Amino acid sequence: MIRFILIQNRAGKTRLAKWYMQFDDDEKQKLIEEVHAVVTVRDAKHTNFVEFRNFKIIYRRYAGLYFCICVDVTDNNLAYLEGIHNFVEVYTVVDEMFLAGEIRETSQTKVLKQLLMLQSLE
Amino acid sequence: MSDVVEKTLTALPSLLSLDSHSGSTKLSSSSKLGNLIRGITELTSKHEEEKLIQRELASIKEQVSSPNTSMRQMKELMVRAIYCEMLGYEASFSYIHAIKLAQQGTALEKRVGYLAVSLFLNESHELLLLLVNTVLKDLQSTNLIEVCMALTVVSQMFPKDMIPAILPLVEEKLTHPKEIIRRKAVLALYKFYLIAPNQVQHIHNKFRKALCDKDPGVMTASLHIYLQMIQENPEGYKDLTASFVTILKQVVAGKLPMDFNYHSVPAPWLQIQLLRILAFLGKNDQSSSEIMYDILEESLRRAEINHNITYAILYECVKCIYTIHPKSELLEKAAKCIGNFVLSTKINLKYLGLKALTYVVQQDPKLALQHQVTIIECLDHPDLIIKRETLELLFRITNAQNVAVIVEKMLEFLRGNKDDYTTIDLVGKVAELAEKYAPNNEWFIETMSTVFSVGGDTMQPDIPNSFLKLLSEGFDSVEEDRKLKLFAVDSYVSLLQGEPGKLPQRFLQVISWVLGEYSYLRGELDAATVLRLLAKLLDTKSTSSETKSWVLMAMTKVCEGGVGVSVAQEVCETYSSSLDTALRQRAQELQHLSQDRDLRAKVLPREAGSEPLEVDSSLSFLDGFVSEALAAGAAPYKPHHQRQEELAQAKALSMEPYGLPISMSSCSIADRQSPTLLSVSSGLSGDSPSLSQKGGSTTPKLDGVKRVWGRQGYLVQTEPVEESDLVEVTGPLQSPNQQAGADGPPSQTPTLKPTPQPEQEKQQLASSLFVGLGSQSSLCLMGKPEATTQRFRRKAKGPVLSSSTGEQISNSSVSASSMANNLLCNDLLDSNITSETAAPSLEQTPQLSRDLPAANGACAVESTDRDVKENSASLIGDNRLVAADPAPRGDRGKLKDFSAHLPAEFSGLCHSDISPLASNQSLDVSACHVQKEDSLVLVVFMYNSSDDAIPHILLELRSDELEVSCEGDSPVEEARSRSVAVCQYSLTVKKPSVHVEVAGTVSYQLPVGTSQSVQFSYKLPLTSFIRPLTVSTEEYGTMWLDFSHDTKQKLTPICLGQEPLMDTLNVLKKKLKLHVVEIIGMEGIVACRVLRDQPCLMHCRLHAGALSVWLRSPVPDLPDCLMYHCQRALQEH
């Protein structure tokens, strides 16, 4: 199960944070910093996985941004790695794709259709 | 689309692109969020950012509270507030406005409102309650979008307590024509299941419907719920195995719409989900596994495209194949697949390959052998995560031959590691390996030293504890034992001579303890030297006060000779006025004991640690003190939580007691006395099948009590099985030499030495990591270590039970008579022995029985029926005080069969064996108890063995804990020659106790004229009075709240199959006749009563492998007694 999704830039500034577990605000900031510390030191030749507390982080770097997903240790690393690759920007999309801490929708066209429906409201 | 969402949407591409400047130009200049983001990106320091955001927040705050702000503007403000929150700045003033926006806005504003709420709040936030109505309204809306939004927010967060309010609406949505709604509804239910599983228990059949939904998306969503439920209870869903297999078959064959394809792989995430479910279902289940073999093979075959997602499927597939019931062809293919992973040049795949290897190496160690080269390469891989995984793999293939190399590698990694979580984990593993496979003493001590220095104060406390325990209990060979201790002393002395200030506190504590206990073994080492070294520690600034306590304690043990005492006195002067009470106490102890050599030898005898301690955790030895205090008007004890509750109600001054100054070390003095006092007390004989039950009645309070405190403090219960064994077999079962070791000077000890370990195995040092992996026979896998290779095998805790009874008895009597004089009390406690010296005469007895409870809570004077039957006639002419328990005995050749005399009305009822209680020349008294629905009847049989009739027999019964009333005829009976008189008494519990006892006197007059009397006592466990109490869950709920007396404890559940809770409750139900009211998930509620009117309720919860049991009753002491019996019942099982 996904515990949180974080998108950070190289400087550790958060670009997107979505939590599927309860944390208080201080804890969130601490996690953000820790994830940054763990992920940014890693070489491009390293694996895309890091153990993190009792979980693991699966991350992917796109240009200057790190997309990090924190999941349970028993989860399938590659599946989530591809999950990151598969997902498109913005919270709306995140919500369409991930719900209640699980991948919900993987069809990009469907996500788009849903987005279009939202757009049609205008 | 609204400009706000547009802004958020446009913001991201700009962030995605590397160049922030070119990105920011894309933002519309009018957008306030755009401006904010741009402003922040341009700043260089954290401080400036803070200032900017504070300004921004102030302006947002002002605007949101202005009544003129339109919903549209509000939406825009929310987006900016979200952004600030995300950056870690608090914008709590906007929460309520977010809720308002969700309540009142139009669809899109609502959307932003919901979004803001889901990002701002968490499940337990109180403001969330305000959202419930909005959600309710939106769920009922005809607008699809609104329903969607409501479902989205519900599956993200919803207050647990409010689930029932919206559950019917969400359920209704399961039949909604739109698949997207059905899908979201299923996921909302999944969320409910996660946070409150019992709330959705009744709709399991609807989940099945969702699984069969015509839309694959809805079906996929339902799999999340199934994965969760099957993981918790695979047995309950075996019938679905074929369905899941069919679904997977269809998916793999590409029957799903193209929409579900990802890189031309059909629904890969769905496949992975299904494979995980199948793994749970097929685990330890051959027939279910057989259904899956085909599709697993198919999956392996189909996944051929070189893409990450196919590897993800393959990985899951391999894991599944190794989890379910094995099939050799499949295993072969899976092994090949793992090989491909390991050999892959892609680092991610290599990592997963190692992970898979770690997973399968227990079943197939040869696989690791095949990949030796890669594994060795990975050990030096620059990526720490790969290194770490490799060590994990090596950990699993460790055996006696390669342990040194592997441990060295692990320690090497540890020295460079900075992450606490990894350190804690690895340190534990090293300690485990070291204890299990240590090739020699030096290596062991050195390795543990490294563990303690590297592990520092973060490591699990059970590592130093079990290390000290191992040192103190030693292992089979006495000589080896001595060497190990000596080496530890030497190496610690040299450590202290170095720079002890750098060592972690835990390590210093271990060092102090070892030096305190064993430094005398090194004869040439002057006590004063050790004392000075220890005193140096006290002066070090970095030493914590807990460590100082340990050091002072160690000094107390060591101080000897003129110089030593003077060093000690110096230290005392400094610390006897310390502000730390624990330290001051230690200093006082040191002061007094260093001056009084005799007292010290008594309080802190050397080598006392080699005997296992038993601790009476119910503190029954304090009973006398407590009752005195109560009589003097002290307030009765209330459990902590009850006090807290009352405090909370009273809202008065804080009356909380000061924290107890008990540190790890502060119990040691008291514990020191325990071995002589307690360890001999729980004797049993191995001659009857009802061994443990009998032991229970012999020494009610002590036996069965887990060993919780050791000399080094609280012992973590790692090996409950061993612990219980230990409790069962100490005492008279020990061979005489062992017993002498416990009570006499150590010099008398050895006569029987266990065979030393095979020498060659000790010598053989591993030269390579993979030694011993080649052949199956020499393999040493985790969890099934070979006894022969294990060096530090714990000392056997007494002779094995199977050894012949006769021998044991003779052993025991030897030891018994040798100690008879000074240990008469203890002897009595476990005299299952025919030992005339110890058998009390009538004059001694009353005095003894008075003394005993004072010394040791509730111990009972007992002699076995064997004594009575075999010896009474010839040896003991006068009356004897004997007690017997109702347990059945094996050999009872001479016993008269009284069962024919059991009153007819009891014929259908369950009764205990008839046990002889007392006898003299003319009368044999026996008794049994019959369990009736509402009562317990004691039936006393009196057999007149003389040739003359005994006209008047007066039977008197009395008991502290029970109310005895005569049933039927008057207690005066007549017994004709060679016949039996029967009396019945009904017993009810007055005051609950673990075991209850009835004492009785039979007085009669022989025709010749002399008046005679026979005394006896009959003892039975409280369990005989327990009956099931049938209540409904609701009744249980109300009763629970009414009851005031309770107790809580963690017990070890029984694990037979998949459901430890169910198994455990079944055992309790069977053994204690409890009524299981309901089992909900990991919790169970159980009820019982003591005869008619004394209910006791039990709540158990399975958590992290332990069973937390909570007992409540209106009757004082009843919960504690019942807890004791639960614990015993589980241990005996």
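Fair warning: this is a prediction, and the values are worked out from it, not measured in the lab.

Basis of the calculations
Residues numbered from 1 in each chain as written. Chains lettered and ligands numbered in written order. Predicted model: local features only at pLDDT ≥ 70, side-chain atom pairs only at ≥ 80, totals over all residues. Heavy atoms only, no water. Core = buried A, V, L, I, M, F, W, Y, C linked by side-chain atoms within 4.5 Å. Buried < 20%, exposed > 50% of the residue type's maximum accessible area, 1.4 Å probe, protein only. Contact = heavy atoms within 4.5 Å. Helix = DSSP H or I, 4+ residues; strand = E, 2+ residues; numbered from the N terminus. Expected span 1.5 Å × (residues − 1). Pairing = 2+ DSSP bridges. Salt bridge = Lys/Arg side-chain N within 4 Å of Asp/Glu carboxyl O.

> Would you explain the nonpolar core in this entry?
The nonpolar side chains of a soluble globular protein tend to be buried with one another. Membership of the largest hydrophobic core comes to 254 residues, with the highest contact counts inside it found for B:Phe244, B:Tyr492 and B:Met555. Beyond its immediate sequence surroundings of up to four residues, B:Phe244 is in contact with B:Leu211, B:Leu223, B:Tyr226, B:Ile230, B:Leu274, B:Ile277, B:Leu278 and B:Leu281.

> Whenever I open this one, the environment of B:Leu211 confuses me. Can you help?
Inspection of the secondary structure puts B:Leu211 in helix 12 (residues 204-211). Apart from residues lying up to four places away in sequence, B:Leu211 is in contact with B:Met219, B:Ser222, B:Leu223, B:Tyr226, B:Leu240, B:Phe244 and B:Ile247.

> Explanation requested: unusual backbone geometry in the structure shown.
Trans is the prevailing form of peptide bonds, just as negative phi is the prevailing case for residues other than glycine. Residue and element names in this part refer to chain B. Unusually for a residue other than glycine, Ser264 sits at a positive phi of about 60°. Given a relative accessible area of 56%, Ser264 falls into the exposed group. Notably, Asn284 is not glycine yet its phi reads approximately 55°, a positive angle. Looking at the secondary structure, you find Asn284 in the loop between helix 15 (268-282) and helix 16 (286-302).

> How should the environment of B:Leu139 be read in this particular structure?
Residues and elements named next belong to chain B. With respect to the helices, strands and loops of the structure, Leu139 is situated in helix 8 (residues 131-139). With relative accessibility at 1%, the residue Leu139 sits in the buried group. It is 8.7 Å that separates the C-alpha atoms of Leu139 and Lys173, two residues lying 34 residues apart in sequence. For Leu139, the contacting residues outside a window of four places in its chain are Val147, Ala150, Leu151, Ile166, Leu169, Val170 and Lys173.

> Hey, could you run me through helix 11 (residues 179-195) of chain B in this one?
Residue pairs three or four apart in sequence face the same way in an α-helix, which turns once every 3.6 residues. Helix length check: helix 11 of chain B (17 residues) gives 24 Å between terminal C-alpha atoms against 24 Å at 1.5 Å per residue, within 8%. Counting buried positions along helix 11 of chain B yields 16 of 17 residues, so the element is predominantly enclosed.

> Would you explain the pairing of strand 18 (residues 1075-1080) of chain B in this entry?
Residues in a regular strand project their side chains so that they alternate between the two faces of the sheet. Residue and element names in this part refer to chain B. When strand 18 meets strand 19 (residues 1083-1090), the two strands line up antiparallel, connected through five bridges. Its bridge partner being in strand 19, Ile1079 is matched across the sheet by Gly1084. Counting the residues in the hairpin turn of strand 18 and strand 19 gives two residues, including Gly1081, whose phi is positive at 60°.

> Looking at this model, I keep getting lost on the pattern of salt bridges. Mind explaining?
In a structure, side chains of opposite charge can pair up when their charged atoms sit close to one another. Counted according to the given criterion, the structure contains 35 salt bridges over all chains. Salt-bridge contacts for A:Arg60 lead to A:Glu82; the nearest nitrogen and oxygen are separated by 3.3 Å. Taken together, the positions of A:Arg60 in strand 4 (residues 55-62) and A:Glu82 in helix 2 (residues 77-86) put the pair 22 residues apart, joining distant regions of the chain. Here A:Glu82 falls in the buried class, since its relative accessible area comes to 2%. Between B:Asp285 and B:Lys238 there is a salt bridge whose closest N-O contact spans 3.0 Å. Pair noted here: B:Asp285 is in the loop between helix 15 and helix 16 and B:Lys238 is in the loop between helix 13 (216-232) and helix 14 (241-252), with a separation of 47 residues, a long-range link. Judged by relative accessible area, B:Asp285 falls into the buried class, the value being 14%. The buried category is assigned to B:Lys238, whose relative accessible area is 18%.

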